[in-house]
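# Summary of structural features
Here is what each chain is made of, one letter per residue.
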Amino acid sequence: MSDYAIEAHGLVKNFDDVRAVDGIDLTVPKGSILGILGPNGAGKTTTLRMLLGIIDPDEGGCRLLGHERPLDAAHDVGYLPEERGLYPAMKAFDAIAFMGALRGLPLAEGRQRARVLLDEAGLGHAADKEVRMLSKGMAQTVQLLGTIVHRPKLIVLDEPFSGLDALNQAKLERLIRSQAEAGVTVIFSTHVIAHAERLCEDVAIIAGGKIPFSGKVSEARDRLRPQVRLETRCLEGAWRSAIPAECQPEGHFWHFTLPETGVEPLLKALVEGDAGVQSLAIERPGLHDAFVAIAGEAAAAQMERDQEEEEA
Ligand SMILES: Nc1ncnc2c1ncn2[C@@H]1O[C@H](COP(=O)(O)OP(=O)(O)OP(=O)(O)O)[C@@H](O)[C@H]1O
């Protein structure tokens, strides 16, 4: 048995003259939460659809939960597509059971589980309401519960945080974590760095149909050196040789990248040289800085615009 829920190699997809996905390799360890992070149009949805076997790649291939044909794993997979939609005349609990039935769960069992899931989500009172009567956030929760009702081994969520208010986003984060704690592999796509940073140990950065980085979030952050913000009383002294030569003070503040030699030699030079340290902060770069370094300024700026548009 493979340790990977997903093993994809060389995925390519063209739509007419658009190369939506341009040679993607991706392995996802079982039990992990992977965030696929990139701006709109980067190729997230197309990649997810190929991983699941919903569309065929033009080149490359994917093993899903050990199956050579991804669709053969369908009963063990839960998928929340980007386009949400439920039958408006169905009652909430029935809508969940119906989605489970599409993935092989007997309807009666699905109905029982649906009521339990709705209770746990604090929506027990809405179980018998028709979907059309639910708020947008409630309907989205119902669809999400329909994605997990058959107890899949792998959950794939396409932009699950889009359109949710802060309260429902926090609920969704809790649900994703609890699924992962139960051993389920979770993949979600997002154009919001904070979601990936809060939830994932693993991240795949996607831009222009390519994945220039996939691995641990910490590994992405470690690609950049920590940044130092220092305030000194003095401006001159032998200690200045511990600061990069090109760094000039702004007033009494110094901003520079921590030298390869690390923190201790810097501290020693400052203290022994009587620099008069007033304040010192050493900041490890966040995922945002790592994203800029890996995917480029343009992709990062596009992602910020996507977020602003969504919030507007
Ligand atoms: N069925 C299609 N026909 C033509 N072009 C497509 C089709 N699906 C996707 N594309 C194009 O492929 C590129 C990648 O789209 P994709 O939907 O995979 O990106 P995404 O990262 O999921 O962004 P979004 O969140 O905006 O959907 C885009 O340029 C898009 O316009």
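Just above, that's the structure.
Here we summarise the structure given alongside this text. What you are looking at is a predicted structure, and each value in this text was computed from that prediction instead of being measured. (Residues numbered from 1 in each chain as written. Predicted model: local features only at pLDDT ≥ 70, side-chain atom pairs only at ≥ 80, totals over all residues.)

Turning our eyes to something else, we now look at the site of the ligand. As a structural note, the neighbourhood of the ligand is formed by 13 residues, with Phe-15, Ala-20, Asn-40, Thr-45 and Thr-46 the closest of them. Listed by contribution, the elements that provide at least two residues to the shell around the ligand are β2 (18-29) and α1 (44-52). Looking at the shell around the ligand, the element that brings in the most residues is α1, giving three residues. Grouping the constituent residues of the shell around the ligand by class yields four nonpolar, six polar and three charged. (Near = placed C-beta within 6 Å. Helix = DSSP H or I, 4+ residues; strand = E, 2+ residues; numbered from the N terminus. Nonpolar A, V, L, I, M, F, W, Y, C, P; charged D, E, K, R; others polar.)

Right, let's talk about the sheet that holds strand β4 (residues 59-64) for a bit. Adjacent strands of a sheet pair through backbone hydrogen bonds, lying either parallel or antiparallel. Pairing is antiparallel across the open sheet formed by three strands, whose spatial order is β2-β1-β4. Strands at the two margins of the open sheet, each flanked by one partner only, are β2 and β4. Within the sheet, the average angular offset between the axes of one strand and its neighbour, ignoring direction, is 15 degrees. Relative to β4, strand β1 (residues 4-15) is paired through five bridges, and the arrangement is antiparallel. If you follow Ile-6 over to β4, its bridge partner there is Leu-64. Packed onto the sheet, α1 meets β1, β2 and β4 and runs at close to 125 degrees relative to β1. (Pairing = 2+ DSSP bridges. Axes fitted to C-alpha atoms, helices over the stretch in contact; angles between N-to-C directions. Contact = placed C-beta atoms within 7 Å.)

Another aspect to go through is the nonpolar core. Membership of the largest hydrophobic core comes to 77 residues, with the highest contact counts inside it found for Ile-96, Leu-145, Val-149, Val-156 and Ile-205. The residues touching Leu-145, leaving out its near neighbours within four places in the chain, are Ile-96, Ala-114, Leu-117, Leu-118 and Ala-121. (Core = buried A, V, L, I, M, F, W, Y, C linked by C-beta atoms within 7 Å. Buried ≥ 20, exposed ≤ 12 C-beta atoms within 10 Å, placed from the backbone.)

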